[in-house]
Amino acid sequence: MDTHTQQKIKEPRITLVGAGPGDADLITIKGIKALKIADVVLYDALVNEELLEFAPENAIKVYVGKRSGDHSFSQDAINKLMIDYALNYGHVVRLKGGDPFVFGRGFEELDHAASFSIPATVIPGISSSIAVPGLQQIPVTHRGLSESFWVITGTTTDGKVSSDVYTASKTNATIVVLMGLNKLTQITQIFKNEDKGRLPVAVIQSGSTENEKVAIGVIDTIVEIVEEQKIAAPALIVIGEVVSLHPLFQPIREFYDIVAEE
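Along each chain, residues carry numbers from 1 onward, in the same order as the chain's sequence is written. Local features in this predicted model are restricted to residues whose pLDDT is 70 or higher, and side-chain atom pairs enter the listing and the counts only when it is 80 or higher, whereas totals over whole chains, interfaces and linings include all residues. Based on all heavy atoms of the structure, the side-chain values leave hydrogens and waters out of the count.

Caption draft 1: Quick look at the nonpolar core. Counting 24 residues, the largest nonpolar core has Ile-175, Ile-187, Phe-191, Val-203, Val-226, Ile-237 and Ile-239 as its most contacted members. Among the elements of the structure, α6 (163–168), β9 (174–178), α7 (184–192), β10 (200–205), α8 (222–228) and β12 (235–239) are those that each provide at least two residues to this core. Secondary structure elements are defined from DSSP: runs of H or I of at least 4 residues count as helices, runs of E of at least 2 residues count as strands, and each element is numbered from the N terminus. In terms of residue count, the dominant contributor to this core is α7 (four residues). Note on contacts: a residue pair is in contact if any heavy atoms of the two residues lie within 4.5 Å. What Val-203 contacts, discounting residues up to four positions off in sequence, is Leu-181, Leu-184, Lys-213, Val-214, Ala-215, Ile-222, Val-226, Ile-231, Ala-235, Leu-236 and Ile-237. Among buried residues, those of type Ala, Val, Leu, Ile, Met, Phe, Trp, Tyr and Cys that are joined through side-chain atoms within 4.5 Å constitute a nonpolar core. We call a residue buried when its accessible area falls under 20% of the maximum for its residue type, exposed when it is over 50%, and partly exposed in between, using a 1.4 Å probe and counting protein chains only. Listed in part, the 18 residues of the second largest apolar core include Ile-27, Ala-34, Leu-52 and Leu-95.

So, in structure tokens, the structure goes:
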């Protein structure tokens, strides 16, 4: 018997796993179980590399990072790699930051796997859009303050601010903007145009990680505060009355109360 027939031929399959917002402890148990039986792990820029330790030592680990301004791999290239590795090695875990289906392009990867008749499953992850504000004790909904929340991309594929930001600015909903830091000036102007200059805002950098930083202000002041505190990407923006529940907002509230009395 030759060595080729001795080798166990593995069935190709793909598991999309949400790695959570950044803290390695915030992946699901099911996600860890998938990593433990991976033959290949394709992982993103926002994935905590500590998670790779859960994969077998001999598993192939490939960085396919995509970050704002650093498109190391196009989505097409990632799709092709995923298929090639599945056909040649077996079980591919596609490890993605946050949740695969919240601006993660997870369905495109699922669809691509289906076009090759490769079975694919999804293991959800904790989305940074909810977890990162929550870790700062900012609820995205709160009785009497917010009945809904919107999660919006800050920058669309054509590089513009999403038209949904304009619509959302007319509501009382909590607005969570992902990938929007470089559009913060434009976003705040949209809210100023709705006479919402004093609406509370938080900008949170690298939420749930050791590099976490938070800037708290209002629409009129947040751009300046973000610059002063040198907040950098990756960061998310939370706009809405719920931000007023953050302890750092109390002095801001007191300042505006004094101004109103004068």
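Okay, back to it.
Caption draft 2: Quick peek at the pairing of strand β11 (residues 213–218). In terms of residue burial, β11 counts as a mostly covered element, since five of its six residues are buried. As defined by bridge partners, β10 adjoins β11 across six bridges and the pair is classed as antiparallel. Across the sheet, Pro-200 pairs through a bridge with Val-218, a residue of β11. For two strands to be treated as a pair, DSSP must find no fewer than two bridges joining them.

Caption draft 3: Representation of the sheet that holds β12. One open sheet accounts for five strands, arranged β8-β9-β12-β10-β11; its pairing is mixed. Every other strand in the sheet has two partners, leaving β8 (149–153) and β11 as the edge strands with one partner each. Averaged over all neighbouring strand pairs, the angle between strand axes comes to 15 degrees, with direction disregarded. Sheet contacts for helix α5 (residues 128–135): β8, β9, β10 and β12; angle to β12, the most-contacted strand, approximately 75 degrees. Fitting a line to C-alpha atoms yields each axis, with helices limited to the stretch in contact; the angle taken between N-to-C directions then spans 0 to 180 degrees.

Caption draft 4: Local environment of the packing of helix α3 (residues 75–89) against helix α4 (residues 106–115). Remark: α3 packs on α4, axes separated minimally by 10 Å, with the N-to-C direction vectors making an angle of 45 degrees. With respect to α4, the element α3 is oriented oblique. For the pair α3 and α4, the sense of crossing is right-handed. In this structure, α3 contributes Gln-75, Ile-78, Asn-79, Lys-80, Met-82 and Ile-83 to the contact, and α4 contributes Glu-108, Glu-109, His-112 and Ala-113. Relative orientations are named as follows: roughly parallel for angles under 35 degrees, roughly antiparallel for angles over 145 degrees, roughly perpendicular for angles from 65 to 115 degrees, and oblique for any other angle. Left-handed describes a crossing whose near helix is turned anticlockwise from the far helix through less than a right angle; right-handed describes the clockwise counterpart.

Caption draft 5: A look at α3. The terminal C-alpha atoms of α3 lie 21 Å apart, and with 15 residues this matches the ideal 21 Å at 1.5 Å per residue to within 8%. Restricting attention to buried positions, one finds in α3 the residues Gln-75, Ile-78, Asn-79, Met-82, Ile-83, Tyr-85 and Ala-86. All buried residues of α3 lie within an arc of 165 degrees about the axis, which places them on one face of the element. In α3, the exposed residues that point more than 90 degrees away from the buried face are Asp-76, Lys-80 and Asn-88. Positive phi shows up at Gly-90, right after α3, with a value of about 115 degrees. Here a helix's expected span is defined as the number of its residues, less one, multiplied by 1.5 Å. Throughout, the arc means that of the directions going from the helix axis to the C-beta atoms.

Caption draft 6: Region of interest: the sheet that holds strand β2 (residues 40–43). An order of β3-β2-β6-β1-β7 is seen for the five strands of this open sheet, with the pairing classed as parallel. Sheet topology places β3 (60–63) and β7 (120–123) at the edges, where each strand pairs with a single neighbour. Put simply, the sheet's adjacent strands are angled 20 degrees from each other on average, direction ignored. Direction of pairing for strand β1 (residues 13–18) relative to β7: parallel, over a ladder of four bridges. Within the sheet, the bridge partner assigned to Ile-14 lies in β7 and is Ala-120. Set on the sheet, α4 makes contact with β1, β6 (91–96) and β7; between it and β1 the angle comes to about 175 degrees.

Purely spatial values, then, with no claim about function.
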